[in-house]
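Fold and contact review
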Amino acid sequence: MTQSEALDILKTGVHVFLTGEAGSGKTHVVNAYAAYLRDHEVGFAVTASTGIAATHIRGMTIHSWSGIGIHSELTDDEVRRIAESRYVTKRIRKAQVLIIDEISMLDGRILTLVERVCRKAKKSGLPWGGLQVVFVGDFFQLPPVSVGGNVPQFAFQSSAWDALSPSVCYLTE
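We now examine the environment of alanine 95. Tracing the sequence through the fold places alanine 95 in the loop between α6 (86-94) and β4 (97-101). Through-space distance from the C-alpha of alanine 95 to that of glycine 130 is 10.0 Å; in sequence the pair is 35 residues apart. Apart from the residues within four sequence positions on either side, alanine 95 is in contact with Gly43, Phe44, Ala45, Trp65, Lys122 and Leu131.

See the structure below:
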């Protein structure tokens, strides 16, 4: 798929897994989509699974954006407290689109925690609180980081991923 075709799909508002080999233009498509969202005054957040990746995309870590911090497990009460945090709630409610870069490095359990916080903050029973979610990365490049000594779970193995059943945009050009 070309970058232009992927961008057209993103503009429809469907959930997307944007993938392709290194150098295929994933970041270019994300930047073009961000510009489109800005031009159309659509609230969005650009996040990444690691601090270094977040600085490369001028975003923040998904951990910080969602308020989960270093936690790998949260009780329902802890999720509620995070979702009621003024700063977290403002960020999440403002967003209509959530972009997560380097998704391959994010443990599926963390992805599920973020999804729970989004639902709670948006006060919605819809997956991800109704956000359009764009996963960006390549599962053949970098594996998930182990959380708390557990065997890592790939993001695509999580219930949060399954709830969206994202369209796959595999960049070849």
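A sheet is described by the order of its strands in space; here six strands give the open sequence β3-β2-β4-β5-β1-β6, paired in parallel fashion. Strands at the two margins of the open sheet, each flanked by one partner only, are β3 (60-61) and β6 (167-171).

The topology assignment puts aspartate 101 in strand β4. This buried residue, aspartate 101, is left without a salt bridge; lysine 26 holds the nearest opposite charge, at 7.3 Å. Those residues within four positions of aspartate 101 in sequence are excluded, and the remaining contacts are Thr47, Ala48, Ser49, Ile57 and Val136.

Let us now look at the environment of glycine 67. The residue glycine 67 is located in the loop between α4 (62-66) and α5 (76-84) in this model. Along the backbone, glycine 67 and threonine 89 are 22 residues apart, and their C-alpha atoms lie at a distance of 9.1 Å. With residues up to four places along the chain from it excluded, the contact list for glycine 67 reads Ile82, Val88 and Arg91.

With that out of the way, let us pick up α5. Of the residues making up α5, those classed as buried are Val79, Ile82 and Ala83. For α5, the buried positions fall inside an angular range of 95 degrees around the axis, keeping them on one side.

Turning our eyes to something else, we now look at the confidence of the model for the protein. When pLDDT is averaged along the protein, the result is 92; 99% of the residues meet or exceed 70. Least confident of the elements in the protein is helix α3 (residues 51-56), whose mean pLDDT is 80; most confident is strand β5 (residues 132-136), at 98.

As enumerated under the stated definition, the model contains nine aromatic pairs in all. A centroid spacing of 4.4 Å and a plane angle of 10 degrees characterise the contact between phenylalanine 135 and tryptophan 161, whose relative ring orientation is stacked. Taken as a pair, phenylalanine 135 in strand β5 and tryptophan 161 in helix α8 (residues 159-162) lie far apart in primary sequence, 26 residues in all. Neither phenylalanine 135 nor tryptophan 161 differs from the other in exposure class; each is buried. Site record: aromatic cluster; members linked through ring pairs are Phe17, Trp128, Phe135, Phe139, Phe154, Phe156 and Trp161.

Cut-offs and rules
Residues numbered from 1 in each chain as written. Predicted model: local features only at pLDDT ≥ 70, side-chain atom pairs only at ≥ 80, totals over all residues. Heavy atoms only, no water. Helix = DSSP H or I, 4+ residues; strand = E, 2+ residues; numbered from the N terminus. Contact = heavy atoms within 4.5 Å. Pairing = 2+ DSSP bridges. Buried < 20%, exposed > 50% of the residue type's maximum accessible area, 1.4 Å probe, protein only. Lys, Arg positive; Asp, Glu negative; His and termini not counted. Salt bridge = Lys/Arg side-chain N within 4 Å of Asp/Glu carboxyl O. Arc of directions from axis to C-beta. pLDDT = per-residue confidence, 0-100. Phe/Tyr/Trp six-rings, centres within 6.5 Å; stacked < 30°, edge-to-face > 60°.

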